[in-house]
Amino acid sequence: MPPTIGVFDSGFGGLTVLRELLKVLPDADYLYFGDTAHLPYGAKSVRTVAKYATASASFLEDQGAEMLVVACNTASALALDDICRAVTIPVIGVIEPGAQTAKEISKTGKVAVIATEATISSHAYEKALRRLGVSAIEKACPLFVPLIEEGWVEHPVTEQVAHIYLDDIFSNNAQGADVLVLACTHYPLIRPLLRRLTPPAVQIVDSAESIAAKVLELMPPDTAAGDGGLLRCFTTDSVEKFRKLGGPFLGRPIQDIELIDIEK
Ligand code: DGL
């Protein structure tokens with residue numbers, strides 16, 4: 001039987017990671033935690049993100065998670081060590097798998113990374129890539145998260161904003177970067193738009209796909225298909241909003257959602 005997998009994110013975005021996990025491990029049981037009351041993490045400090053992320057991780061362990069996937073790039077970048085210390089179950093962050101995929105497909109050894117302000121300021125991807133012998137060009141794209149949550153995934157305003165960000169990276173030929181890492185849970189929703197605006201020779205890596213592949217790799221070889229497929233979601237703010245906004249991220253309607261208070 002696959003383990004019960006806890007998936008943690010600052011809100012709805014991590015549902016893109018859950019979506020990828022469901023493709024590779026459809027029989028596992030999943031507990032998804034979206035800390036929507038404290039969204040966005042991408043503009044917050046290390047101290048604040050670590051406080052919320054550790055409380056959320058402990059909650060998932062208490063609920064029976066046997067493995068924790070930190071879907072949130074910002075939480076992985078700022079608080080992975082704190083999260084690992086807060087729980088006794090294995091923890092997988094999103095940065096290393098994304099960096100590893102980028103390294104595997106880059107021919108030039110130069111990779112561009114787009115993410116929230118906090119992820120970029122932490123240089124977590126740059127450090128992970130450097131350890132793999134790859135250099136990084138990092139660009140914060142703070143306007144993408146609110147635009148995507150507004151549902152503006154194919155919208156002229158989002159396209160214009162993306163133009164500005166990507167031109168900034170690639171106008172100078174990005175010093176030879178041949179890979180673009182989507183290092184934020186929300187960006188898979190605008191992947192087609194980003195694909196159109198990114199030079200054709202540049203390959204796109206979705207960190208959600210990379211972490212799902214990593215989780216699959218970590219499953220014991222004799223993991224039998226479970227009879228699972230159970231999904232419970234927890235949110236720290238409106239259940240209705242989670243249901244409405246979460247659907248497009250997961251790619252299907254969400255039923256079982258519980259409101260919880262981690263600050264108690
Ligand atoms: N989940 C965050 C990330 O992947 C994006 C949303 C936020 O800023 O909280 O970085």
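Rules of the game
Residues numbered from 1 in each chain as written. Predicted model: local features only at pLDDT ≥ 70, side-chain atom pairs only at ≥ 80, totals over all residues. Heavy atoms only, no water. Helix = DSSP H or I, 4+ residues; strand = E, 2+ residues; numbered from the N terminus. Buried < 20%, exposed > 50% of the residue type's maximum accessible area, 1.4 Å probe, protein only. Polar contact = N/O pair within 3.5 Å; in protein donor to acceptor, adjacent residues only side chain to side chain. Contact = heavy atoms within 4.5 Å. Pairing = 2+ DSSP bridges. Axes fitted to C-alpha atoms, helices over the stretch in contact; angles between N-to-C directions. Phe/Tyr/Trp six-rings, centres within 6.5 Å; stacked < 30°, edge-to-face > 60°. Parallel < 35°, antiparallel > 145°, perpendicular 65-115°, else oblique. Left-handed = near helix turned anticlockwise from the far one by under 90°. Nonpolar A, V, L, I, M, F, W, Y, C, P; charged D, E, K, R; others polar.

Tracing the sequence through the fold places Thr235 in strand β9 (residues 231–235). By relative accessible area, which is 0% here, Thr235 ends up buried. In this structure the side chain of Thr235 is engaged in a polar contact, spanning 2.6 Å, whose partner is the side chain of Thr36. At 3.3 Å, the side chain of Thr235 forms a polar contact with the backbone oxygen of Asp237. Beyond its immediate chain neighbours, meaning those up to four positions away, Thr235 contacts Gly34, Thr36, Phe242, Ile257, Glu258, Leu259 and Ile260.

Our focus in this paragraph is the sheet that holds strand β6 (residues 135–140). In sheet architecture, strand pairing relies on hydrogen bonds along the backbone and comes in two forms, parallel and antiparallel. Spatial strand order, β6-β5-β7-β8: four strands in an open sheet with parallel pairing. Either end of the sheet is taken by a strand with one partner, and the two such strands are β6 and β8 (203–206). The sheet shows a mean angle of 25° between the axes of neighbouring strands, direction not considered. In the sheet, strand β7 (residues 179–182) pairs with β8 via four bridges, with the strands oriented parallel. Bridging from a neighbouring strand, Val179 pairs with Gln203 of β8. On the sheet, helix α8 (residues 156–170) packs against β5 (110–115), β6 and β7 and is oriented at approximately 155° with respect to β6. Together, β7 and β8 form the strand contacts of helix α10 (residues 207–218), whose direction differs from that of β8 by roughly 55°.

What follows is about the packing of aromatic side chains. Under the counting rule described, the total for this entry stands at ten aromatic pairs. Taken together, a centroid distance of 6.1 Å and an interplanar angle of 45° make the contact between Phe8 and Phe33 tilted. Here Phe8, found in strand β1 (residues 5–9), pairs with Phe33, found in strand β2 (residues 30–34); they are 25 residues apart in sequence, far enough to count as distant. Like Phe33, Phe8 is buried. Ring plane angle 50° and centroid distance 6.2 Å describe the contact between Phe8 and Tyr41, whose orientation is recorded as tilted. Here Phe8, found in strand β1, pairs with Tyr41, found in the loop between β2 and α2 (46–62); they are 33 residues apart in sequence, far enough to count as distant. According to the relative accessible area criterion, Phe8 is buried, its value standing at 0%. With a relative accessible area of 1%, Tyr41 lands in the buried category.

Take the packing of helix α4 (residues 95–105) against helix α6 (residues 124–131) next. Axis separation between α4 and α6 bottoms out at 9 Å; the angle between their running directions is 50°. As far as their axial angle goes, α6 and α4 are oblique. The two elements α4 and α6 meet at a crossing, and its hand is right-handed. Judged by residue contacts, Ile95, Glu96, Ala99 and Ala102 of α4 engage Ala124, Tyr125, Ala128, Leu129 and Arg131 from α6. Considering only residue class, the contact of α4 with α6 consists of seven nonpolar, no polar and two charged.

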